[in-house]
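# Coordinates in review
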Amino acid sequence: MLSFRSGVSNYVSCETWLSRWGETNLCFHEVPLTSSPHPVKIISYEGSTYKTDFWEGQGREFEDRTERLALRQLLPASGHTLIEVGAGFGRLADLYQGYQRVILVDYSTTLLSEAREHLGHDARYMYVAANVYHLPFVDHVADVVVMIRVAHHLAAVDLALAEIYRVMQGGRPFIMEFANKRHLKAIVRYALGKQPWSPFDPFPYEFVPLNFDFHPSWMRQQLMAAGFRVERELAISHFRLPALKRRIPPQWLARLDNALAGPGAWLKLSPSVLTKNVALKPPTSPAGFLRCPACGSQRLVADGSQHTCQECGRSWPIRDGIFDFRYPRPEDAP
Ligand SMILES: C[S@@+](CC[C@H](N)C(=O)[O-])C[C@H]1O[C@@H](n2cnc3c(N)ncnc32)[C@H](O)[C@@H]1O
């Protein structure tokens, strides 16, 4: 299991809040950007049936609806270039109608193919197989970046945030969802002795390999260290409870959840949190669009079936409408 404690140098911030023991003072360690191991392990959804295994007919209409309501609240209605990182099969892509160019990025070509199956008629969408740690875009290219249900797979959140910050326009929003370890159920289970790990420990909890829950204050700290200002937070999915979901129609439950999302963000007792974060850097026009994810060179030559980097000589295939810029290549991925 990955330890985020390595390289701890000093305490940088303390927060006070009310916990079940009364007022608790919690301090956070400084986690240097270089704390993550290299190469970073990544999860594979290649060949995955995520769409049908997790969403379609799986009783998750409430979760889908509440995420959409929250995303609508945070997302600017229109813009030029939106990048969704870890877009999967494009579940949320219909929310990006107001954007001139929508780039769906995912490490899984299986899921991107599914996205293309239902969105392929719309020329505004582009499908890019890539690793969030090595995005194949030049600096400042994105007006907006969205990342939902992906952070929980990231072993090196700091490196992913640094890469997202790099490709963003200054002053523009990055909307990210993350799994909250300090949710009400975890607190109650811990208090009753039914859960060994503390939801108050600030460090990520890896509940199964490459699946992490995060403390909201730890995540806020990572965002700030990467150069973002956390502008808004929404606590969502309070009612992710089978008994409630069985009894109350998902559209009602999602509306109720959405009404709680803003006020609930003060306590953040929900299993999921959405944040809107502004990239703190001057607005700068991007010089180009794509770059080699391995060496960073913009000297890419396209011939219809691939891009070839004139700097490092690597080739990046284009297959069935998907630009394959995965680095490391799946066969070399840790
Ligand atoms: C739980 S799914 C969520 C998909 C989509 N965001 C949604 O909410 O329906 C996680 C997605 O993140 C992608 N992913 C995980 N690690 C990644 C990485 N290092 N780079 C790019 N995509 C990644 C997976 O391939 C998968 O499609």
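Structural notes, computed from the coordinates. (Residues numbered from 1 in each chain as written. Predicted model: local features only at pLDDT ≥ 70, side-chain atom pairs only at ≥ 80, totals over all residues.)

## Quick look at helix α8 (residues 250–264)
Because the α-helix completes a turn every 3.6 residues, residues three or four places apart line up on one side. Buried residues of α8: L253, A254, D257, N258 and A261, and no others. In this fold, the buried residues of α8 make contact with α2 (61–74), β10 (228–236) and α7 (242–247). (Buried ≥ 20, exposed ≤ 12 C-beta atoms within 10 Å, placed from the backbone. Helix = DSSP H or I, 4+ residues; strand = E, 2+ residues; numbered from the N terminus. Contact = placed C-beta atoms within 7 Å.)

## Section: unusual backbone geometry
A cis geometry characterises the amide bond from Y327 onward to P328, with omega recorded as 0°. Mapped onto the secondary structure, P328 falls in the segment after β15 (322–324). One non-glycine residue, D320, lies in the positive phi region at around 45°.

## Focus: the site of the ligand
In the vicinity of the ligand, 17 residues are found, and the nearest of them are Y45, G86, G88, Y107 and R149. For the shell around the ligand, the residue count by class is nine nonpolar, five polar and three charged. (Near = placed C-beta within 6 Å. Nonpolar A, V, L, I, M, F, W, Y, C, P; charged D, E, K, R; others polar.)

## Notes on the pairing of strand β11 (residues 272–279)
Burial analysis of β11 places seven of its eight residues in the buried class, the great majority of the element. Sheet topology note: the strand β7 (residues 173–179)/β11 ladder contains seven bridges and is antiparallel. Bridging across to β11, I175 finds its partner in K276. (Pairing = 2+ DSSP bridges.)

## Details of the environment of I43
Along the polypeptide, I43 turns up in the loop between β2 (22–29) and α1 (50–55). Given 18 C-beta atoms within a 10 Å radius, I43 is considered partly exposed. Each C-alpha atom of the pair I43 and P209 lies 9.0 Å from the other, and the pair is 166 residues apart in sequence. Those residues in contact with I43, other than ones at most four positions away along the chain, are H153 and L210.

## Remarks on the environment of K276
Structurally, the position occupied by K276 is in strand β11. We classify K276 as buried; it has 22 C-beta atoms within 10 Å. Taking C-alpha positions, K276 is 9.9 Å from Q73, a pair spaced 203 residues apart along the chain. The residues contacting K276, other than those within four sequence positions of it, are L74, P173, I175, E231 and R232.

## Observations concerning the nonpolar core
In this structure, L104, V145, A160 and I164 are the most contacted members of the largest nonpolar core, which totals 72 residues. If one sorts the elements of this core by residue count, helix α4 (residues 157–167) sits on top with seven residues. When residues no more than four places from it in sequence are discounted, the contact partners of I164 are V85, V145 and F174. (Core = buried A, V, L, I, M, F, W, Y, C linked by C-beta atoms within 7 Å.)

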